[in-house]
Amino acid sequence: MKRSRELGSVETPILDCLMRHAARERASFHVPGHHGRYLPQPLSAWLGQAIKLDLTELPGLDNFHSASECIAASEKLCARHYGAYRTYYSVNGATACVMAALKGACPVPGQRVLIAGPCHMSVWRGLVYADASPVFVPTRWHAERQAFDPPSPALLEVALRRCADVRAVFVTSPTYQGLVADVRGLAEAAHRHGALLLVDEAHGAHFGLDPRLPPHSVAEGADVVIQSPHKTLPCLTQAAWVHVMRPELADAIHEALLFLHTTSPSYLLLAALDAAQAFLRSGQDLVKETLDRLQAYRAFDAGTDPMRLWIPTGSKARGAQLAKRLEDAGMFLEYWDASGALALFGFGQTEREVARFFEVYRTWREEAGEVTSDGGWAGADLYEAPAELAVRPGVIHHAPGRRVPLREAVGHIAKRPVAPYPPGVPALWPGQVVSERHAELLARLWEDGHDVVGVGADGTIEVCDA
Ligand SMILES: Cc1ncc(COP(=O)(O)O)c(C=O)c1O
């Protein structure tokens, strides 16, 4: 197999080793069980030559758990691109990176983490893993955008003044809807108060590749940045990486990350990460071309990711209608719910695809009209005040639970997150005492037919009296 023309002279140490090995190997007497030769059809036909690169830790292919050869070299190239002290690869998604970042940054049980703004469910797992003590600081629900604002430096400054001994601040930027936080301001605020800034940039691995894209958070002064290249770069699902800027955190985060990994890492995923880091240097023309193409159809708003289009709909019926029209034309959205619909564009998306998308979207838009309110959604009140937990998520996770009807849960401690969808952000965190307001508002949402994850078909939630 030859190097692809696209990558040119850009270094791809893992791919090179895999291709060299595949060219040498005549017969395999090692795992995986397909021996580079046989997988049942039709999978075999779909995977094609890729089966030959689905190798294991053989001589010359380095060792994921103590990388010093091609994997280490590829991670180093990636770190150099972003300007990180160290970059570590994950074949277990950004989920493992978020968990490892929290564990590595907060090694002592009970250390306080301030979580500002909406965050992904992996944060809960990370809090359990690190046995950290979270304070959740909500941001404003923006009715017109049908999305939570990203956290601002001013909000963080107020929260940090009120909350002593914060070891780390954790923020998500961009949000799922593509809203980008002022990470530089957040880093300054966190550092002023002696706290680390951890940024979940799972949806922003492409940031900084063109002046029209927001800068990435490594350049903006964050201490740890988690990215999912599989979400926004040409890469394979599940492949992610974490950048560490503080030398004193590197070993702890790396160890915490390896602890969450299989002892049989997929070399297809490692090769995909290697190709993604090469794309960071070889893909500029494609990035520019794609942005030019998209810009011909829509203006880019400051503070948002131009590669994603969040379409506030404010109604499930309108979202369903848009999704159906696109699907009838063979186009599938990333996501839609009662608040809006999300389209993700990819580098290399063709003119024909983009044109067809905007044709269907604009026709729908003219008929659907603008979203002018949040449709009276009562849920925003659930996120008014910072949430201090009575018991740490890591403690409550191991305590026995039982189910009680929502309205009877007042005064009990939630054992699992309870999150209305939309917005998909937990209104109750494990370890939080259920207030009357929570019980009443969540019960009302659920009774009105709103999806509320964590509430069973019988209207109960899991609590514990620890
Ligand atoms: C903001 C955010 N962080 C982390 C994750 C976890 O990423 P992964 O799917 O790579 O594990 C997601 C997944 O959707 C996410 O949206």
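Treat the numbers as computed from the prediction; the structure is a model and nothing was measured.

About the criteria used
Residues numbered from 1 in each chain as written. Predicted model: local features only at pLDDT ≥ 70, side-chain atom pairs only at ≥ 80, totals over all residues. Heavy atoms only, no water. 1 Å grid on protein atoms, 1.4 Å probe; cavity = no way out; pocket = protein on both sides within 12 Å on 5 of 7 lines; lining within 4 Å. Points joined across faces, edges and corners; volume = space filled by probe spheres on them. Helix = DSSP H or I, 4+ residues; strand = E, 2+ residues; numbered from the N terminus. Patch = residues over 30% accessible without salt bridge, like charges linked within 9 Å, V, L, I, M, F, W, Y side chains within 5 Å. Areas by Shrake-Rupley, 256 points an atom, 1.4 Å probe, with all protein chains shown as cover. Salt bridge = Lys/Arg side-chain N within 4 Å of Asp/Glu carboxyl O. Lys, Arg positive; Asp, Glu negative; His and termini not counted. Charge placed at Lys NZ, Arg CZ, Asp CG, Glu CD. Buried < 20%, exposed > 50% of the residue type's maximum accessible area, 1.4 Å probe, protein only. Domains from an automatic or database assignment. Contact = heavy atoms within 4.5 Å. Buried area = accessible area lost by both parts, 1.4 Å probe. Axes fitted to C-alpha atoms, helices over the stretch in contact; angles between N-to-C directions. Parallel < 35°, antiparallel > 145°, perpendicular 65-115°, else oblique. Left-handed = near helix turned anticlockwise from the far one by under 90°. Nonpolar A, V, L, I, M, F, W, Y, C, P; charged D, E, K, R; others polar. Phe/Tyr/Trp six-rings, centres within 6.5 Å; stacked < 30°, edge-to-face > 60°. Lys NZ or Arg CZ within 6 Å of the ring centre and 35° of its normal.

K.L.:
Help me out: how do you make sense of empty space enclosed by the protein in this one?
P.N.:
Empty space left among the atoms is revealed by rolling a probe the size of a water molecule over them. Overall, the coordinates contain one cavity of 30 Å³ or more when judged by the stated rule. Looking at the largest cavity, its volume works out to about 30 Å³. Mapped onto the lining of the largest cavity, the elements with two or more residues apiece are strand E1 (86–90) and helix H9 (247–259). The element contributing the most residues to the lining of the largest cavity is H9, with three residues.

K.L.:
Would you mind showing me how to read a positive patch on the surface here?
P.N.:
A surface patch of like charges, here positive, comprises Lys76, Arg80, Arg86 and Arg281. Mapped onto the secondary structure, Arg86 falls in strand E1. Relative accessible area serves as the criterion here: at 36%, Arg86 is assigned to the partly exposed category.

K.L.:
It is not clear to me how the domain arrangement of the protein chain should be interpreted in this structure. Could you clarify?
P.N.:
Size of an interface: often given as the accessible area lost when the parts come together. The domains assigned to the protein chain are domain 1 (64–262), domain 2 (307–368) and domain 3 (389–464). Here the C-alpha centre of domain 3 lies 26 Å away from the C-alpha centre of domain 1. With 15 residues of domain 1 in contact, the opposing surface of domain 3 contributes 15 residues. Interface area, domain 1 with domain 3, both sides summed: about 1300 Å², of which 77% is carbon and sulfur. Of all residues in domain 1, Met121, Trp124 and Phe136 give up the largest surface area on contact with domain 3, accounting jointly for 43% of the area buried on that side. A salt bridge links Asp131 to Arg392; its shortest N-O distance comes to 2.9 Å.

K.L.:
Sorry if this is basic, but what is going on with the packing of helix H4 (residues 93–105) against helix H5 (residues 122–130) here?
P.N.:
What describes two packed helices is the angle between their axes and the distance between those same axes. Between H4 and H5, whose axes approach to 8 Å, the crossing angle comes to 40°. Judged by the inter-axis angle, H4 sits oblique to H5. The way H4 lies across H5 gives a crossing that is right-handed. Only Ser122, Val123, Arg125, Gly126, Leu127, Tyr129 and Ala130 of H5 make contact with H4, whose side of the interface consists of Thr95, Val98, Met99, Ala100, Leu102 and Lys103. Counted by class, the contact of H4 with H5 contains eight nonpolar, three polar and two charged residues.

K.L.:
Please explain the side chain of Glu201 as it appears in this structure.
P.N.:
Here Glu201 is to be found in the loop between strand E7 (196–200) and strand E8 (224–227). Within the buried set, Glu201 has no salt-bridge partner at all; the shortest N-O distance to an opposite charge, 11 Å, is to Arg184. Other than its neighbours up to four places away in sequence, Glu201 contacts Ser173, Pro174, Phe207, Pro215, His216, Ser217, Val225, Ile226, Gln227 and Ser228.

K.L.:
Honestly, the packing of aromatic side chains in this entry has me stumped. Any pointers?
P.N.:
The description of an aromatic ring pair uses the distance of the two centres, along with the angle that the planes make with each other. What the rule picks out here adds up to 14 aromatic pairs. With a centroid separation of 6.2 Å and 75° between ring planes, the pair formed by Phe358 and Tyr361 is classed as edge-to-face. With Phe358 and Tyr361 both in helix H13 (residues 351–368) and three residues apart, the pair spans about one turn of that helix. By relative accessible area, which is 12% here, Tyr361 ends up buried. In this structure an aromatic cluster arises from ring pairing among Tyr297, Phe345, Phe357, Phe358, Tyr361 and Trp364. Over the ring of Tyr129 we find Lys103; its NZ or CZ atom is 5.3 Å from the centre of that ring.

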